[in-house]
Amino acid sequence: MNNLSERDRQAEELSRQIITLACNSILVHLRFMDRAVGNFSIAADMNFRFAGAAGHLFYSPWSLISMYRDDQDLVSRNLMHCILHSIFRHSIVGDSIDQLRWDLACDIAVENSINELEQDFLRTKREAEQAEVIDHIKKQLPCLTAERIYSYLISDEVTYVQCYKWSELFKGDDHDL
């Protein structure tokens, strides 16, 4: 990023401080995540809003600053979201998967895991809305893994339109990596 304006350089520096704060928040509150956080490669990249896969996180400095401005805890939550995707190996799937439903199943599993940690620094505005959907799914499934949620989402009980609406509610990162 050599041809950055002064304003973009300042945004990059500020975003680096924000992501460091998010990492430190996870480490302070959830010490058992130290290896996962430490092994994650994090870099600014204007091609992604906030995207993680296979131990890498890419973010747009401007998107990260905007996210932090809207909700300071959202950066920590979305970082945790990406880390859990990596731990659960959600990016490893076959070609015959319905991508929207698989991404949603992974997002629901990750967001449910984050919610069950019951950590104040990971609470965000979307959590209350998510609870309604998660409670509905828990009535159908004994354990919320991505694979089980995916099987439920491809059943006749859930429409494609409903999956699309839910995907906006559970999205913590871009899945375009």
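This text gives an overview of the structure that appears in the document.

The rules behind each value
- Residues numbered from 1 in each chain as written.
- Predicted model: local features only at pLDDT ≥ 70, side-chain atom pairs only at ≥ 80, totals over all residues.
- Heavy atoms only, no water.
- 1 Å grid on protein atoms, 1.4 Å probe; cavity = no way out; pocket = protein on both sides within 12 Å on 5 of 7 lines; lining within 4 Å.
- Points joined across faces, edges and corners; volume = space filled by probe spheres on them.
- Helix = DSSP H or I, 4+ residues; strand = E, 2+ residues; numbered from the N terminus.
- Nonpolar A, V, L, I, M, F, W, Y, C, P; charged D, E, K, R; others polar.
- Axes fitted to C-alpha atoms, helices over the stretch in contact; angles between N-to-C directions.
- Parallel < 35°, antiparallel > 145°, perpendicular 65-115°, else oblique.
- Left-handed = near helix turned anticlockwise from the far one by under 90°.
- Contact = heavy atoms within 4.5 Å.
- Salt bridge = Lys/Arg side-chain N within 4 Å of Asp/Glu carboxyl O.
- Buried < 20%, exposed > 50% of the residue type's maximum accessible area, 1.4 Å probe, protein only.
- Pairing = 2+ DSSP bridges.
- Arc of directions from axis to C-beta.

## Notes on the layout of surface pockets
If a probe as big as a water molecule is rolled over the atoms, it shows which places are left empty. If you add up the space inside the second largest pocket, you get close to 250 Å³. Forming the walls of the second largest pocket are 13 residues, and the residues nearest its centre are Met67, Asp70, Leu74, Asn78 and Arg126. Looking at the lining of the second largest pocket, the elements with two or more residues in it are helix H3 (61–70) and helix H4 (72–87). Sorting elements by how many residues they give to the lining of the second largest pocket places H3 first, with four residues. Class assignment of the residues belonging to the lining of the second largest pocket gives a composition of two nonpolar, five polar and six charged.

## Overview of the packing of helix H1 (residues 6–29) against H4
It is at 9 Å that the axes of H1 and H4 come closest, and there the two elements cross at 70°. When the interaxial angle is binned, H1 and H4 end up roughly perpendicular. The way H1 lies across H4 gives a crossing that is right-handed. Across the interface between the two elements, Ile18, Ile19, Ala22, Cys23, Ser25 and Ile26 of H1 pack against Val75, Ser76, Leu79, Met80 and Ile83 of H4.

## Remarks on the pattern of salt bridges
Opposite charge on two side chains allows them to pair when their charged atoms are near. The tally for this structure, following the rule as stated, stands at ten salt bridges. The shortest N-O distance in the salt bridge between Arg16 and Glu13 comes to 2.8 Å. Placement of the pair is Arg16 and Glu13 together in helix H1, with a separation of three residues, close to one helical turn. A salt bridge links Arg101 to Asp98; the shortest N-O distance between them is 3.0 Å. By relative accessible area, which is 22% here, Asp98 ends up partly exposed. One network of salt bridges, in which partners are shared, links Arg77, Glu111, Asp120, Arg123, Arg126 and Glu127.

## Examining the pairing of strand E3 (residues 56–59)
Each regular strand shows side chains that alternate between the opposite faces of the sheet. Residues Leu57 and Tyr59 line the buried face of E3, whereas the alternating positions His56 and Phe58 sit on a face that is not buried. Pairing of strand E1 (residues 41–44) with E3 involves four bridges; the strand directions are parallel. Its bridge partner being in E3, Ser41 is matched across the sheet by His56. Here strand E2 (residues 50–53) runs beside E3; their pairing, made up of four bridges, is antiparallel. Its bridge partner being in E3, Phe50 is matched across the sheet by Tyr59.

## Overview of helix H8 (residues 160–170)
All of the buried residues along H8 are Cys163, Trp166, Ser167, Leu169 and Phe170. Around the axis of H8, the buried residues are gathered within 160° of arc, so they sit on the same side. Exposed residues pointing more than 90 degrees away from the buried face of H8 are listed as Val161, Tyr164, Lys165 and Glu168. Residues of H8 that are buried sit in contact with H4, helix H5 (99–117), helix H6 (126–140) and helix H7 (146–153).

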